[in-house]
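# Coordinates in review
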Amino acid sequence: MVTSTATSSRPPLWRDVRVLRVTFQLAVLVAVVAFASYLYDNLLANDVELDFGFLDQQAGIRLAYTDLHPSDTVLAAILTGLRSTITVALLGIVLTLVLGTLIGIARLSGNWVVRRVAGTYVEVLRNLPPLLAIVFVNAAALASLPPIQEANTIGDVLVVSVSEFGVVTLASDGNGWAYVAVLALAVLAAVALGTWRRRVEARTGAPARAWLWGGAVVGAAAVIGYVALSAPVVLSRPRVEGLSVVGGARMGLPFVAVLVGLVLYTSSHVAEIVRGSILAVPRGQTEAAAAIGLSPGQRLRHVVLPQAFRIATPPIINQCLNLTKNTSLGVAVAFAETMGVTNTIIGNGQPAIPAILVAMGLYLVLSLSISLVANVANHRLRLVER
Amino acid sequence: MEIATGTLAEPIAPPEPEPPRRDLTPAQWVRANLASTPLNVLLTVVVGLIAAWAAYRLLRWVFVTGDWAIVRVNLKLFMVGFYPADQLWRLWAAGYVMVAAVAFAGGAVTVAVRRPIEAVAGADTPGSTARPGAGRRVLDALHRFWPAVLGVIAILSFTRTLLPTIGVLGALVVGVVAAAAGTRTPARLRRWSPLIVVVGLIVALQIVIGGGDQTGWDDWGGLHLVVSATVAGIALAFPLGLLLALGRRSSLPAIRIVSTGYIEGFRAVPLVTLLFLGQYMIGFMFPNTIEPPSFLVRAVIAITLFEAAYIAEIVRGGLQAVPRGQVEAAQAIGLSPVGVMRLVVLPQALRAVIPAMVGQFISLFKDTSLLAIVGFFELIEVSDAVTKQDAFRGQGLRPLALAFVGLIYWAGCSTMSRESQRLERRLGVGER
C-alpha cells in the first residue's frame, strides 16, 4: 500500500513536468552553446581569427565629403561611415514625415484629383523595392542631369549637376553658437510662459493664447539677438567654381540618390499610416465634437488629430527604424555609409568577418536607441484607461 | 528594448471612403468633388495640370521616346539569367506544377471561407448564390488581378515567338481547371489542401534541380532567381518564425530568453549586413569534410534567418490576440498542451495574422532585390549588365531597363497586396 501511494504521487521521471521543463531548457541551452563553440572552433581551425586589432591599423582610404585621411585608423573610417548613416537617416526621417503626412492627408481630401494623385503615388511607390528606388534615382540622375560645368542653379538656393549638388544653408561667423543659445533660452522661456498662461486659463477662464505668447517671445528674442550679436548667422549660398560646388551644403550624387530614394519609398508607407490612423478614429468622436458645436477645423485639431497621432506614433517610429536600416542599401550606389565603408575596408584586405560584426554592432546600437526612444514615447502617449 | 508588435503593426485602414450612394448628375459630382470652394478649384487646376504633365511625359517616354530594344533583345536574361536554353522546359514544367498546386489549394480555401459567410448572408442577399455569367467573371478576374495581367502582358509584348504566350495561356487554363477542381473537393479532404502546395513545391524543386550540375544554382539569375529565393525564403522562414514565436511566449525562461534575443537581434540589423556575413561565414558552420554550401544557399539561409524574426513577431501578435478563455476551455476538455496549441490557439492566431503575414511575404519578395548587392545576377544586376553591352553602352538606357524591372516587382507586390486586402475583408479580421 505504502509503495503504491508513493508511486502515484510521484510520476516517473520521463513524465514529471518539472523534470521535463528543466531538461528541455538545458538541452536547448546546451545546443545553442555547442553550436556557438563549434562555429568558433571551426573559424579558428580555418585560420579566421576573431581579432579586432585591425581596427587600430591604418585604413588607407579617402571618403568624399569627409575629412578622413588615409593615415586614419580603420575604426575612424567606420565611424565616419556611421556619421554618414546618421546624417542621411535624420534628414530622411524629417523629409519623410513631412511628405508622408501631406500625402496621407491628401488621400483623404474631398478633392477627387488630389485624392487620386496621392493614391497613385502611394500605390506605385509602396510596391517597389527600396533598392530599386535608390538605384533608379541614381540612374535617372546620371542619364539626365548636366555635368558640373553646365550645372543648373535654381534661384541661388540649389545647384544641380550630375556629380555634385549644393543647397543653401545657414553659416555662422563665430557668434553662431551664442545665437543658438539665445534662441534655446527663448524657447524655454516660451514653454514656461505657455504653462503659466494655461494655469491662468484653468483658474480664471481668460483665454491662454499660449502659442501667441510663446511665438512673440521667441520672435522678439530672435530679432534682438540677431541685432545685438551683429548678424551672427548668414545664408551660405552654393555656387559652382571650377569643377566643384563652393558654399552651402555640398552633397555627392550617391548621398542624394539614397536620400531621395528612401524618402520616396518610406513616405508612401507613412502616408498609409497617417490615412489609416485618421480613419481609425471612431466616427462617434467627430459626431460628438460636432454635437457640442465645434467647427470642422476645431474638430480636426482638438478631437481627431490628437487621437490619430496616438495611433500613428508606434508604426511611424517603426518606419523611421526601417529607413535607418535601409540606408545600408547605399552600398549599391557606392554611398560611403557604415556598410559601404566596411565593404571598402574588406576589399583592402582587412578581415571580413570581424569587420562585418563591427558594422552589425553599430547598426544594433543605432536600432536599439531608436527602439528605446519609441518605447519611452509609446509609454508617455499611452491612453490611461480606467 | 522589446517592442510590442501588436501596437507597431500598421493600423488596418478601412476601405476607401464610399462615394455617396445618391445618384449625382455629372454637374453635381464635379461641384462636390472638384469645385466645392474657390480654393478647391485652384487645387484641382494646379494638381490636375501637374498630374497631366507628368502622365504625358511618362506615356511619351514609354511609348514614343523610349527605345525598348534593350529589353526585347535581353528578355531571356531578365527572365532566367544564364539558364541553359535546352533546359528551359524544366522551369516551364515547374511553373505549371506550382500554378496547379496553388490554384487547387486556393480554390479549396476560398470555398471553405465562402461557405460559412454565404450560410449567414445568403438569407438576405438571395442573388449572391446565383453564379454570374462567364463574361462577367472574366471581367471580375481582370479587375481583381489587373496588376499581374499588366505585368504579364508587358513581358509577353517583348517576346519574339508565340511560344511563351501559348505557355502562359496554357498555365492560365491549368490554373482555372485546378481552381475549379479545388472548389469541388469534398469538405473532409479540404483540410489537406495546404499539403498539396508543399507536395507541389517539392515536385517543382525536383524538376528544376533534376538537371544536376548542368544548371549550377549560383548561375541562376533574373526573375527565376528572385522567385526561387522568395519561395524558398517563405517556405523556410515560416516554420522557423512559428517556432520562435511559440518560444518567445513560452513559460520556460531559457527558451524565452533565447527566442527573444534571436528576434530582437535579427530585427535590429539590416539584411545587407546579414547577407554579407552569410557569404563569408556560413561556410564555416559546416564541417570541413563536406563541400561548403553554394552562394545561393548561403544567401537563402541569411534571408531565412532574417525574415523568421519578423514572422515570429507577426505570429506573436496573433497569439496575443487569442482570448485566454480559449486556452482555458481547451484545457478544461482535457487537451494536451500540444493539442491546445495545434487545435485551438494556432488556427485562430494564424487566421488573424494572414494579412500581416502576406505583407511580410511582400517584404521578402522586395528584399530579394538585395541579392544584387552580394553579387547575384538578380533583376537589378541584369539591368546593369545589359547597359554595358556593346549595342547599348553609354546611351543612358539604365532608367529604361530599371523601369521594366520595376514593373515586374510592382506587378508582383501589388497583386499580393490587393489579394491580402481582399482576404482581410472576407475574413473580417479588422472588424472584430
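Keep in mind it's a predicted model, so treat the numbers as computed, not measured.

## Regarding the overall build of chain B
Within chain B, the secondary structure is distributed over 19 helices and zero strands. Each of the 432 residues in chain B was classed as buried or not, and the buried ones make up 32%. If you take every contact in chain B between residues at least 6 apart in sequence, the share linking residues at least 24 apart comes to 78%.

## A look at the interface of chain A and chain B
Tallying the contact residues gives 59 residues for chain A and 51 residues for chain B. Elements supplying a minimum of two residues to the side of chain A that touches chain B: α2 (17-45), α4 (112-126), α5 (130-144), α8 (253-280), α10 (296-326) and α12 (352-381) of chain A. Its residues assigned to classes, the side of chain A that touches chain B comprises 40 nonpolar, 14 polar and five charged.

## Focus on the sheet that holds strand β3 (residues 164-167) of chain A
Residue and element names in this part refer to chain A. Sheet architecture is open: four strands sit in the order β1-β2-β3-β8, paired in antiparallel fashion. At either margin of the open sheet sits one strand with a lone partner, and together these are β1 (152-154) and β8 (249-252). Ignoring strand direction, the axes of neighbouring strands in this sheet form an average angle of 15°. Note: β1 against strand β2 (residues 158-160), three bridges, orientation antiparallel.

## A word on the domain arrangement of chain A
In terms of domains, chain A is made up of domain 1 (2-45) and domain 2 (74-168 + 237-381). Computed from C-alpha atoms alone, the centre-to-centre distance between domain 1 of chain A and domain 2 of chain A is 48 Å.

## Topic: unusual backbone geometry
Residue and element names in this part refer to chain A. Backbone geometry at Ala334 places phi at a positive 60°, although glycine is not the residue there. Counting through the fold element by element, Ala334 comes out in the loop between α10 and α11 (338-347). What makes Ala334 partly exposed here is the crowd of 15 C-beta atoms within 10 Å.

## Focus on the packing of helix α17 (residues 354-367) of chain B against helix α19 (residues 398-427) of chain B
Residue and element names in this part refer to chain B. At a closest axis distance of 9 Å, the pairing of α17 and α19 adopts a crossing angle of 175°. Considered as vectors, α17 and α19 are oriented roughly antiparallel to each other. Between α17 and α19, the residues in contact are Ile354, Pro355, Val358, Gly359, Phe361, Ile362, Phe365 and Lys366 and Tyr409, Gly412, Cys413, Met416, Ser417, Ser420, Leu423, Glu424 and Leu427, respectively. When the residues that make up the contact of α17 with α19 are grouped by side-chain class, the tally is 11 nonpolar, four polar and two charged.

## Details of the confidence of the model for chain B
Overall, the prediction assigns chain B a mean pLDDT of 83, with 88% of residues at 70 or greater. Model confidence for the complex is summarised by a pTM of 0.86, with the ipTM given as 0.86.

## Comments concerning the confidence of the model for chain A
Per-chain confidence: chain A averages 86 in pLDDT, with 96% of residues scoring 70 or above. Across chain A, α8 of chain A holds the top mean pLDDT of 93, while helix α1 (residues 2-9) of chain A sits lowest at 52.

## Some thoughts on α11 of chain A
With eight of 10 residues buried, α11 of chain A lies mostly within the body of the structure. Along α11 of chain A, the positions that sit buried rather than exposed are Thr338, Met339, Gly340, Val341, Thr342, Asn343, Thr344 and Ile345 of chain A. Check the buried side of α11 of chain A and you find it contacts α3 (74-106) and α12 of chain A together with α13 (271-281) of chain B. Gly349 of chain A occupies a position one or two residues after α11 of chain A and carries a positive phi of about 100°.

Rules used throughout
Starting from 1, residues in each chain are numbered consecutively following that chain's sequence as written. Chain letters and ligand numbers both follow the written order, the letters beginning at A and the numbers at 1. Per-residue local features are limited, in this predicted model, to residues with pLDDT of at least 70; the limit for side-chain atom pairs, both in listing and counting, is 80 or more; totals at the level of whole chains, interfaces and linings are taken over all residues. Every helix listed is a DSSP run of H or I at least four residues long, and every strand listed is a run of E at least two residues long, numbered separately from the N terminus. With C-beta atoms placed from the backbone, a residue is buried if 20 or more other C-beta atoms are within 10 Å of its own, exposed if 12 or fewer are, and partly exposed between those counts. Throughout, a residue-residue contact means that the two C-beta atoms, derived from backbone geometry, are no farther apart than 7 Å. All residues other than Ala, Val, Leu, Ile, Met, Phe, Trp, Tyr, Cys, Pro, Asp, Glu, Lys and Arg, Gly among them, are scored as polar; the first ten of these are nonpolar and the last four charged. Following DSSP output, two strands are said to pair if at least two bridges run between them. Axes, fitted as lines to C-alpha atoms, cover a helix only where it is in contact. Angles between the N-to-C directions of the axes lie from 0 to 180 degrees. In this document the domain limits rely on a domain assignment from an automatic tool or a database. In these notes the angle categories are as follows: under 35 degrees is roughly parallel, over 145 is roughly antiparallel, 65 to 115 is roughly perpendicular, and the rest is oblique. Confidence of the prediction at every residue is given by pLDDT, a number between 0 and 100.

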